[in-house]
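Summary of the model geometry
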Amino acid sequence: MNDRDHVSEEELNAYVDDELPADRRGVVEAWLSTHPDDAARVAAWRKQAELLCHRYGHLEYEMPPPRFSLDRLSRRRFGALAAVAASLAAFMIGVAAGWTVHGMETEKPSDLVRFTNDALLAYRLYTVEVRHPVEVTGDQRPHLVQWLSKRLGAPVQAPELDKQGLKLVGGRLLPGPTGPSAFFMYENPSGERFTLYCGHISNGETALRYTSGGQNAAYYWVDQNMAYVLSGPMETGKLHEVAQAAYDQIDRRTAPPG
Amino acid sequence: MSEFRERIEAAIPALRRYARALTRDAETADDIVQDTLVRALRSEHLFHGGDMRAWLYTILTNLNRNRLRTLARRPVVSPIKDTDATTSGPDSGGRDIVRALEMLTEEQRSALLLVVLESLTYREVSEVQGVPIGTVMSRLARARNEIKAYLDGERPALRRVK
C-alpha cells in the first residue's frame, strides 16, 4: 500500500461531511471496507449527526415567536423607551390573548420565567424615569414596606444596601404574573439603578440564578413561595454583589428560628 | 419588506436551532438570536452581499463568545438553567447528545454544529470562526471523538468549563 491509499482522520471526517475531493471518495470507501474500526467510527459520527438533528431539527419548522418580528426589533433604533413600549404592548397582547390560544407559542413559559421577564421590563421602564421613578419615596421606608406587605398579603422587605453604596429611591406596587408585586428601586451616587421585584410564586426554592436580556441582567431566586428578582446594568460587576447582599438579608430574615 | 430583511427573516428558524444547540438553554438561545437580529438590522450598511447565513452565524457566534466571557468573570453563579424550562427533553437522564455537547470546548461545539446541524461548508465555518480550514477540521475531528468517547461511556476529561 502506498501513501496515496492511506486515509487520515481528517479525510474520514471530510468523507462524512461530503467535503472530499471526488478522486478521494473511492479511496476512502475502499479503506473503510478493509478497516472495520474506522468504518465503525464513521458510523458513530453519522449517528451523532442524526441525534443532533433529531434533538434540535424541529426548530427549523417552528414558527418563530413574535419577539423576533423584524419590524419590532428595528424600532429599537429609536431608543430604549420605544422598545419598552413595544414589549409592554406585546406583553399586554399576550395577556389578553392568553397563552393557550396563542398559536405561535409552543412552550408556555414558567411562572418564574414570566416573573423575571416582568421584573426586567419594570426595570427598563422605571429606571429611566427621572421625575416619577417611584410612587413612595425612600424617606418613607417604614410606610412603603408596610403598604406593600399589606397589598401582597405577606411581609416584604426592602434590604439595606448601604454597604454596597446604594440608597433606597423608593418603591411602587406593580401587577405581576401571579398577582401584585412589590418593586423597590436603589441608586448609587453615580446614578446606576438597581431594582428588586418580588411577589408570590408556587414554585419551590431555588438558589441565586442569573439571567439577562438586552443591556440588563438579573439575579433571581425563590424563597418560601416568594420570588425575588434583582435587576441592574449588565456590564458592571456590581450586580452580583448587590444581589448576594439582598439574597443574604432576605434569606436570614426568613430562616426558621433556632 | 426589503430583500435584505427578507433574507434575515428566512434565517431565523435556523439561527434559533443553532443557538439552542450552542447554549443548550432555550431562553439564553432566543436572547442571543434576538441580539443577533438587532445587530444585523443595524449593520445593513456593512453587509456587502455574499452569504447572509454565514454572516448571521458569525454575529451569533461572536455574541455567544462575549456572553461566555462575561459569565466567566462572575464566579459564584449557578448555571443559567431554569429547571422549569424545557431544556432537558425526553432523552435526559442518561448520556445523551445534549450532555455530550457540554464536553466540548466552545470552538469545537460551534464547528460541529455549523457543519452537522447547519450544513455549512468547511470554508464557510472557517470564515465564521475566523480560522484556517485546517483548524476547523481538527476542531471537528476532536469534537466527534470527544462525543463518541462520552457516549461510549468513558469518563469525561477534566476540562469542561470554557
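Every residue gets a number counted from 1 within its own chain, in the order that chain's sequence is written. Following the order in which they are written, the chains are lettered starting with A and the ligands numbered starting with 1. The model is predicted, so local features are restricted to residues of pLDDT at least 70 and side-chain atom pairs to those at 80 or more, both for listing and for counting; the totals for chains, interfaces and linings are taken over all residues. Side-chain calculation: all heavy atoms of the structure are included, whereas hydrogens and water are not.

1. Points about the overall build of chain B
What chain B contains, in helices and strands, is seven helices and zero strands. In what follows, residue pairs with any heavy atoms lying within 4.5 Å of each other are defined as contacts. Considering only residue pairs separated by 6 or more positions, chain B has 69% of its internal contacts joining residues 24 or more positions apart. When the accessible surface of chain B is split by element, carbon and sulfur atoms take 51% of a total near 7400 Å². Runs of H or I in DSSP of at least four residues are treated as helices and runs of E of at least two as strands, each being numbered from the N terminus. Here the accessible surface of atoms and residues is derived via Shrake-Rupley with a 1.4 Å probe, and residues count as covered only by protein chains that are part of the display.

2. Re the overall build of chain A
Scanning chain A from terminus to terminus reveals eight helices and seven strands. Working definition: with a 1.4 Å probe on protein chains only, accessible area under 20% of the residue-type maximum means buried, over 50% means exposed, and in between means partly exposed. A total of 258 residues make up chain A; the buried ones form 48% of that total. Here chain A displays about 13000 Å² of accessible surface, and carbon together with sulfur accounts for 55% of that area.

3. As for the pattern of salt bridges
Salt bridges are defined by distance alone: a side-chain nitrogen of Lys or Arg within 4 Å of a carboxyl oxygen of Asp or Glu. For the coordinates displayed, the defined rule picks out 19 salt bridges over all chains. The residue Glu9 of chain A makes a salt bridge to Arg41 of chain A at a minimum N-O spacing of 2.7 Å. Taken as a pair, Glu9 of chain A in helix H1 (residues 9-16) and Arg41 of chain A in helix H3 (residues 36-56) lie far apart in primary sequence, 32 residues in all. Of the residues examined, Glu9 of chain A reaches a relative accessible area of 29% and is grouped as partly exposed. Note that Arg144 of chain B is salt-bridged to Asp17 of chain A, the shortest N-O span being 2.7 Å. A residue pair is termed interchain when its members come from two chains, as with Arg144 of chain B in helix H7 (residues 133-151) and Asp17 of chain A in the loop between H1 and helix H2 (22-34). By relative accessible area, Arg144 of chain B is classed as buried at 1%. For Asp17 of chain A, a relative accessible area of 16% gives the class buried. One salt-bridge network, in which partners are shared between bridges, spans Glu9, Asp38 and Arg41 of chain A.

4. Some remarks on unusual backbone geometry
Unlike most non-glycine residues, Asp18 of chain A shows phi in positive territory, near 60 degrees. Take Asp18 of chain A: its relative accessible area is 62%, and that puts it in the exposed class.

5. Structural notes on the confidence of the model for chain B
All names here are of chain B. The pLDDT value expresses, per residue, how confident the predictor is, ranging between 0 and 100. Mean pLDDT over chain B stands at 82; residues scoring 70 or higher make up 81%. No element of chain B has a lower mean pLDDT than helix H3 (residues 52-72), at 87, and none a higher one than helix H5 (residues 106-116), at 96. Below pLDDT 50 for its whole length, residues 76-93 participates in 39 contacts with residues either more than four positions away or in separate chains. Scored as a complex, the prediction yields pTM 0.54 and ipTM 0.83.

6. Describing helix H1 (residues 3-23) of chain B
Residue and element names in this part refer to chain B. Working rule for helices: expected span equals 1.5 Å times residues minus one. Given a rise of 1.5 Å per residue, 21 residues ought to cover 30 Å, and the 30 Å separating the end C-alpha atoms of H1 matches this to within 8%. Note on bend: at a given residue it equals the angle between the axes fitted to the 7 residues ending there and to the 7 starting there. Most pronounced at Ile12, the bend in H1 amounts to some 40 degrees, and the proline Pro13 follows within four residues. Summarising burial for H1: 16 of the 21 residues are buried, a large majority.

7. Things to note about the environment of Val125 of chain B
All names here are of chain B. Turning to its location among the elements, Val125 is positioned in helix H6 (residues 122-129). According to the relative accessible area criterion, Val125 is buried, its value standing at 0%. Expressed as a C-alpha distance, the spacing of Val125 and Ala54, which sit 71 residues apart in the sequence, is 7.8 Å.

8. Some thoughts on the packing of aromatic side chains
All names here are of chain A. Side-chain rings of Phe, Tyr and Trp (the six-membered ring for Trp) are treated as a pair once their centres are within 6.5 Å; stacked means planes under 30 degrees apart, edge-to-face means over 60, and tilted covers the remaining angles. Scanning the model with the defined rule gives seven aromatic pairs over all chains in all. Between Tyr126 and Phe183 the ring centres are 5.7 Å apart and the planes differ by 55 degrees, which places this aromatic pair in the tilted class. Here Phe183 lies in strand E3 (residues 179-187) and Tyr126 lies in helix H6 (residues 111-127), a separation of 57 residues in the sequence. Note on accessibility: Tyr126 and Phe183 belong to one class, buried. Here the aromatic residues Phe115, Tyr126, Phe183 and Tyr197 are joined through ring pairs into a cluster of three or more. One residue, Arg55, lies across the ring of Tyr56, its end atom 5.3 Å from the ring centre. Charge over a ring is defined by NZ of Lys or CZ of Arg lying within 6 Å of the ring centre and within 35 degrees of the ring normal.

9. Regarding the confidence of the model for chain A
One rule of thumb: low pLDDT means the predicted coordinates there are not for detailed reading. Residues and elements named next belong to chain A. A residue-level look at chain A finds 79% of positions with pLDDT of 70 or above and a mean pLDDT of 81. Every residue in residues 77-83 is under pLDDT 50, and counting partners more than four places away or in other chains gives six contacts. Per-residue pLDDT stays below 50 along residues 92-108; that stretch engages in 16 contacts with residues further than four places along the chain or on separate chains.

10. Things to note about the pairing of strand E7 (residues 226-233) of chain A
On a regular strand, each side chain points to the face opposite its neighbour's, so the side chains alternate between the two faces of the sheet. Residue and element names in this part refer to chain A. Most of E7 is tucked away, with eight of its eight residues classed as buried. A pair of strands is considered paired only if DSSP assigns at least 2 bridges between the two. Two elements, strand E4 (residues 193-200) and E7, share six bridges in a ladder whose sense is antiparallel. If you follow Thr195 over to E7, its bridge partner there is Ser231. Where strand E6 (residues 216-223) lies against E7, eight bridges are found, and the strand directions are antiparallel. Residue Ala218 lies in a different strand from E7, and its bridge partner there is Ser231. Taken together, E6 and the strand that follows it, E7, pair antiparallel across an intervening segment of two residues, in which Gln224 is found at a positive phi of about 50 degrees.

11. Focus: the nonpolar core
Leu52 of chain A together with Leu37 of chain B are the most contacted members of the largest nonpolar core, which totals 67 residues. Leaving out residues up to four positions away in the same chain, Leu37 of chain B has contacts with Phe68, Leu70 and Leu73 of chain A together with Ile8, Ile12 and Leu15 of chain B. Counting residues in each nonpolar core, the second largest holds 35 residues, with Val145, Leu168, Leu239 and Tyr247 of chain A among its members. Among buried residues, those of type Ala, Val, Leu, Ile, Met, Phe, Trp, Tyr and Cys that are joined through side-chain atoms within 4.5 Å constitute a nonpolar core.

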